[in-house]
Amino acid sequence: EELLAALRLAHPRLPAYRFLIAGGIEPDCDDYAGKLRGMADGLPVEWLGDLQDMAAFHQQLDFFVMISNPAGCPNASLEALAAGLPVIATGVGGAGEQVIDGQTGRLVPSARPDLLAEAIVELARQPGRRQELGRQARRHIEEHFQTTRMVVDYSRLLGLALRGNGRS
């Protein structure tokens with residue numbers, strides 16, 4: 001609802017666009033899905049459903065928008081950042097550690113569709129800025145979210161010492 005409210009606010013100020021929404025309908029949520037589709041009436045929204053090939057999906061995008069719920073480390077935003085996409089996200093849960101406002105995308109407060117709309121308009125109108133944020137997003141993932149780096153960080157956190165042979 002928040003995403004569609006923001007899109008409705010941003011719509012008159014956006015260049016020609018398609019807004020692609022990936023993800024299927026949760027079980028027993030058909031009525032709610034219908035409500036969301038009604039909120040999108042008159043907007044160029046395409047409901048793609050569940051996708052298997054996220055890389056192909058990311059290649060279609062100029063940037064990625066995510067409304068966060070409290071979550072430790074949302075995979076959707078990590079995958080988008082790794083694909084070199086700037087991410088606009090609400091600053092809830094782990095998204096605030098993944099998205100660095102003004103460097104890898106835009107981080108906006110939750111429940112503020114007006115500020116989310118401003119971030120969408122900003123990136124939609126500035127292709128050079130999107131490209132720079134996307135480069136920094138990819139670099140951020142490479143530096144901070146590689147598996148080997150995470151193993152070392154977790155080992156430190158748990159007080160384990162890693163040796164050259166991989167055993168502690």
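Residue positions within a chain follow its written sequence, with the count starting from 1. Local features in this predicted model are restricted to residues of pLDDT 70 or higher, and side-chain atom pairs are both shown and tallied only at a pLDDT of 80 or more, whereas totals for entire chains, interfaces and linings draw on every residue. As a rule here, side-chain values cover all heavy atoms of the structure and leave hydrogens and water aside.

## A few points about the pairing of strand 4 (residues 87-90)
Every regular strand shows the same layout, with side chains that alternate between the two sheet faces. Here is the rule: Accessibility here uses a 1.4 Å probe with only protein chains present; expressed as a share of the type maximum, an area under 20% marks a residue as buried, one over 50% as exposed, and anything in between as partly exposed. Under the scheme used here, helices are H or I runs from DSSP no shorter than 4 residues and strands are E runs no shorter than 2 residues, and both carry numbers assigned from the N terminus. Paired strands are those between which DSSP finds at least two bridges.
Neither face of strand 4 is left uncovered, since the one carrying Val87 and Ala89 and the one carrying Ile88 and Thr90 both have all their residues buried. Alignment of strand 3 (residues 64-66) against strand 4, held across three bridges, turns out to be parallel. Note on strand 4: the bridge partner recorded for Val65 is Ile88. Of the strand pairs in this sheet, strand 4 and strand 5 (residues 105-108) are connected by four bridges, and their pairing is parallel. The residue of strand 5 that forms the bridge with Val87 is Gly105.

## Here's the deal with the packing of helix 4 (residues 75-82) against helix 7 (residues 127-144)
To keep it simple, the criterion reads: Axes, fitted as lines to C-alpha atoms, cover a helix only where it is in contact. Angles between the N-to-C directions of the axes lie from 0 to 180 degrees. The labels follow the angle: roughly parallel below 35 degrees, roughly antiparallel above 145, roughly perpendicular from 65 to 115, and oblique for the rest. Whether two residues touch is decided by their heavy atoms; if any such pair falls within 4.5 Å, the residues are in contact. Each residue gets one label: Ala, Val, Leu, Ile, Met, Phe, Trp, Tyr, Cys and Pro are nonpolar, Asp, Glu, Lys and Arg are charged, and the others, such as Gly, are polar.
At their nearest, the axes of helix 4 and helix 7 sit 7 Å apart, and the two run at 115° to each other. Comparing their axes, helix 7 and helix 4 come out roughly perpendicular. In this structure, helix 4 contributes Leu78, Leu81 and Ala82 to the contact, and helix 7 contributes Ala137, Arg138 and Ile141. Class assignment of the residues belonging to the contact of helix 4 with helix 7 gives a composition of five nonpolar, no polar and one charged.

## Topic: helix 1 (residues 2-10)
Because each turn of an α-helix spans 3.6 residues, side chains separated by three or four positions end up pointing in the same direction. Listing the buried residues of helix 1 in full gives Glu2, Leu3, Leu4, Ala6, Leu7 and Ala10. In this fold, the buried residues of helix 1 make contact with strand 1 (19-22), helix 2 (30-39), strand 2 (45-49), strand 3, strand 4 and helix 6 (113-125).

## A few points about the nonpolar core
Here is the rule: Nonpolar cores are built from buried Ala, Val, Leu, Ile, Met, Phe, Trp, Tyr and Cys residues. Side-chain atoms within 4.5 Å join them into one set.
Counting residues in each nonpolar core, the largest one holds 25 residues, and the members touching the most others are Leu14, Phe19, Val45, Val65, Ile88, Leu116 and Ile120. Of all elements in the fold, only helix 1, strand 1 and helix 6 reach the threshold of two or more residues within this core. In this structure Ile88 touches Phe63, Phe64, Val65, Met66, Arg106, Leu116, Ala119, Ile120 and Leu123, once residues within four positions along its chain are discounted. With 16 residues, the next largest nonpolar core counts Met66, Leu78, Leu81 and Val87 among its residues.

## Describing the sheet that holds strand 3
What links the strands of a sheet is backbone hydrogen bonding, and the strands pair in either a parallel or an antiparallel sense. The strand order across the open sheet built from three strands is 3-4-5, with neighbouring strands paired in parallel fashion. The sheet is open, and its two borders are formed by strand 3 and strand 5, each paired with just one other strand. The mean angle between the axes of side-by-side strands here comes to 10°, regardless of whether they run parallel or antiparallel.

## Side note on the pairing of strand 2
The following threshold applies: A crossover gets the label right-handed when its path from the first strand over the helix to the second runs clockwise, viewed with the strands pointing away from the viewer.
Of the pairings in the sheet, the one linking strand 1 to strand 2 comprises four bridges and is parallel in character. Residue pairing in the sheet places Leu20 in a bridge with Glu46 of strand 2. Assessed by its sense of winding, the connection that carries the chain from strand 1 through helix 2 to strand 2 is right-handed.

## Notes on unusual backbone geometry
Of note in the backbone geometry, Asp28 takes a positive phi value of approximately 65° without being a glycine. With respect to the secondary-structure elements, Asp28 resides in the loop between strand 1 and helix 2. For Asp28, a relative accessible area of 81% puts it in the exposed group.

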